[in-house]
Amino acid sequence: MRLEGSLPHIHAQALLRDEYYQAQENRDNELAAIAERKAKAALELAALQADVRSVITDKMSDWQKEGNCITMENDIFFPSKGRDVDYAKSICADCPVKSTCLEFAIDNKIDKGVWGGTSERERRKIIRQRKMVLNQEQN
Ligand code: SF4
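This report concerns the structure included in the present document. Sequence order as written defines the numbering, with residues in each chain counted from 1. Owing to the predicted nature of the model, reporting of local features is limited to residues with pLDDT of at least 70; listing and counting of side-chain atom pairs is limited to 80 or more, with chain, interface and lining totals taken over all residues.

### Notes on the overall build of the protein
Link 1 in the chain: Numbering of helices and strands runs from the N terminus, with a helix taken as a DSSP run of H or I at least four residues long and a strand as a DSSP run of E at least two residues long. Of regular secondary structure, the protein possesses 7 helices and 0 strands.
Link 2 in the chain: Sequence-ordered secondary structure for the protein, helices as α and strands as β, is α-α-α-α-α-α-α.
Link 3 in the chain: Each residue is represented by a C-beta atom placed from its backbone, and any two residues with such atoms within 7 Å are regarded as in contact. Within the protein, residue pairs in contact and separated by at least 24 positions form 48% of the contacts whose partners lie at least 6 positions apart.

Okay, structure coming up:
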């Protein structure tokens, strides 16, 4: 999860600024006006994304704000099918809220993504093992 001012947007704004100055140098007022509008739109988009991010952050539990993933892209923790989860798990490895995160995912039956250093399959296994232990204790 990344906070405001992500590199791709800063990069996009820089490119648009270059485009604007290039058009001005060429004395092409129409192109300069288009480039200026595009630059303003990119800034507005970046500001909107920052607003959305701050709303999401406000709604997070305190423990979530302390996670190692707070400044990272979500995609890392929700890799598309076939991509491994090792990188996400390496970020979780020394996370100060790792066990809270894992229990949150288990309690809320979250079956997608890496939580508390575990993949979906590993969490299913933990749940099965816990049920087995519980059954054994009851018998
Ligand atoms: S354990 Fe992993 S997913 Fe959970 S808060 Fe920490 S870094 Fe994020």
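From this point on, the discussion continues.
### Some words on the site of the ligand
Link 1 in the chain: As used in this record, a residue near a molecule or strand is one whose C-beta atom, placed from the backbone, is within 6 Å of it. The ligand sits among 14 residues. The nearest are Gly67, Cys69, Cys92, Cys95 and Cys101.
Link 2 in the chain: For this classification, the nonpolar set comprises Ala, Val, Leu, Ile, Met, Phe, Trp, Tyr, Cys and Pro, the charged set comprises Asp, Glu, Lys and Arg, and every other residue, Gly included, is treated as polar. Across the shell around the ligand, the residue classes break down as 9 nonpolar, 4 polar and 1 charged.

### Quick notes on the nonpolar core
Link 1 in the chain: Note on definitions: a nonpolar core is a set of buried residues drawn from Ala, Val, Leu, Ile, Met, Phe, Trp, Tyr and Cys, linked by C-beta atoms within 7 Å. Every C-beta atom is placed from the backbone, and the number of other C-beta atoms within 10 Å of a residue's own sets its class: buried at 20 or more, exposed at 12 or fewer, partly exposed in between. The biggest cluster of nonpolar side chains holds 9 residues, and these are Cys69, Phe77, Val85, Ala88, Cys92, Cys101, Ala105, Val114 and Trp115.
Link 2 in the chain: Sorting the residues of this core by element identifies helix H5 (86–92) and helix H6 (98–107) as the ones contributing at least two each.
Link 3 in the chain: Ignoring any residue separated from it by four or fewer positions in sequence, one finds tryptophan 115 in contact with Cys101, Leu102, Phe104, Ala105 and Ile110.

### Here we look at the environment of arginine 121
Link 1 in the chain: Mapping arginine 121 onto the fold places it in helix H7 (residues 120–138).
Link 2 in the chain: For arginine 121, a count of 10 C-beta atoms within 10 Å translates into the label exposed.
Link 3 in the chain: In the structure, arginine 121 is positioned 10 residues away from aspartate 111 in sequence and 8.5 Å away in space, judged by C-alpha atoms.

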